[in-house]
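Residues per chain, in single letters:
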Amino acid sequence: MLKRVPVREITLGMYVHAIDGPWLAQPFWRSRFLLTSLDEIAMLRRSKVGAVVIDLDRCVGSARPAHSGNARRARVQSDIVRREADSIAAKRVTDDARDFMKSVFDSAESGGRLETGPLDGVVRSITDALERNRSMLLGMMRLKSRDTYTYFHSVAVGTLMVNFARELGLAADEVRLMGLGGLFHDIGKIRIAKEVLNKPGPLTPEEWDEMRQHPEIGHALLLADDVPSIALDVCLHHHEKVDGSGYPFGLVGDDISLAARMGAICDVYDSLTSERAYKGAASPVAAIAAMASWSGHFDQALLFVFMKSICVFPIGMPVRLRSGHLAMVRDNGRRTSRARLTVFYDIADQRLLPPYELFLSDIDTSETILDTPDPLDYGLANWADVKQQLLEGHDPSIGKEARPKSK
Ligand SMILES: [Fe+2]
Ligand SMILES: [Fe+2]
């Protein structure tokens, strides 16, 4: 159960679930932790934090409350409070980060220095909020108003980069730099005419020429301000494509760095799922399906890891599960974070199964998707047929066996 406690009343053994106050003012790297030292208490009391949300179930020693009342009702109420606390925290992170990026863009526009130090705080709060409730934060990132689009797009790409880097298992420092890269990737747009940037219709060839300069303009701005090289790289190369048809240099394949290939994916995904003056917002599934179909644009292996990081896959895609089964992706239902799968094949037994449904929730890792296999490798020469039957809700295992793979 969660309870809000003023900072002056905190004691050793209390488990802090959330910090209530401006996130830049809070003195800790993480906002969920057990209070184990008087130094931590003193730090909190010295900060601008007014109160903390305590998780009573995780408190220890004398800070742990005596058991009382209806436990089930208390748990339901606690879940509601937890979701509300997560929602408030995610909203605060998105609002503060957007306002902060606006000040960074405004300062760069008027010739001021680009300080990366305070932006570490933005990346830190994003990382923390992703840990708290990933789907809630990613959902909020898709809500952008027209006048704050540029700043919020930067925050959204920074957030997607952090989430992506964590899925790839990169070290904490690299995760941080990827986040910075996302935040800065479009800084060059401050030198693009507003009429071109916000034009509600298609751009003329001359306007495109101007727009295509923003990676190099941004790179030059960042170079002058001692920004880490990964952020420079994402800024300069996030519009390159693996087949060499991107800009500004037409780099091919691995000549484009990992950070820039990641940046390209996060940038396009956020653009597609955002509403703009000239287009509606695509759903996450539609955006991912479109991106997977653009051959030569993205690093396909990386795109698959990105899908895993946001738990969104194109409908009909075959996937191999850790449990030793093949499944096919259905829709994500009402909650975009819950991919719905139909499990249909046992790999060890080499046979079709009566299909059953599986929701791949964010937190359940027991059925992790490992990769996207070629059904032919599993003897499913009739994959198009099997897929069609599964999509229509039929059972392809009745009277039809997949031919065992020849050894
Ligand atoms: Fe861009
Ligand atoms: Fe962008």
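To keep things clear, this report deals only with the structure shown in the data block. (Residues numbered from 1 in each chain as written. Chains lettered and ligands numbered in written order. Predicted model: local features only at pLDDT ≥ 70, side-chain atom pairs only at ≥ 80, totals over all residues. Heavy atoms only, no water.)

## Re the nonpolar core
Within the largest apolar cluster, 78 residues are counted, with the highest numbers of intra-cluster contacts made by Phe-184, Ile-187, Phe-306 and Leu-341. In terms of residues, this core owes the most to one element, helix α5 (residues 149-167), which gives ten residues. When residues of this core are assigned to domains, at least three map to each of domain 2 (83-309) and domain 3 (314-391). With 17 residues, the next largest nonpolar core counts Phe-33, Leu-35, Leu-44 and Ala-63 among its residues. (Core = buried A, V, L, I, M, F, W, Y, C linked by side-chain atoms within 4.5 Å. Buried < 20%, exposed > 50% of the residue type's maximum accessible area, 1.4 Å probe, protein only. Helix = DSSP H or I, 4+ residues; strand = E, 2+ residues; numbered from the N terminus. Domains from an automatic or database assignment.)

## Quick look at the coordination of the iron ion (ligand 2)
Taken together, His-153 (NE2), His-185 (NE2), Asp-186 (OD) and Asp-267 (OD) make up the protein donors of the iron ion (ligand 2), found 2.1 to 2.3 Å from the metal. Coordination at the iron ion (ligand 2) is irregular, judged from the four donor atoms that bind it and the angles of 79 to 177 degrees they form at the metal. For the iron ion (ligand 2), all donor residues lie on one chain, and their spacing in sequence is H-x31-H-D-x80-D. If you look at the iron ion (ligand 2) and the iron ion (ligand 1), they sit 3.5 Å from each other and are both ligated by Asp-186. Residue Asp-186 is found in the loop between α6 (172-184) and α7 (194-197), and its partner Asp-267 is found in helix α11 (residues 258-272); the two are separated by 81 residues along the sequence. (Donors = N, O, S within 2.8 Å, 3.2 Å for Na, K, Ca; no water. Tetrahedral: all angles 85-135°; square planar, octahedral: opposite > 155°, others 65-115°.)

## Points about the sheet that holds strand β3 (residues 33-34)
With antiparallel pairing, the four strands of this open sheet are ordered in space as β1-β4-β2-β3. Each edge of the open sheet is held by one strand with a lone partner, namely β1 (2-6) and β3. Inspection of the sheet shows strand β2 (residues 15-20) paired to β3 by two bridges, in the antiparallel sense. By the bridge assignment, Tyr-15 is partnered in β3 with Leu-34. (Pairing = 2+ DSSP bridges.)

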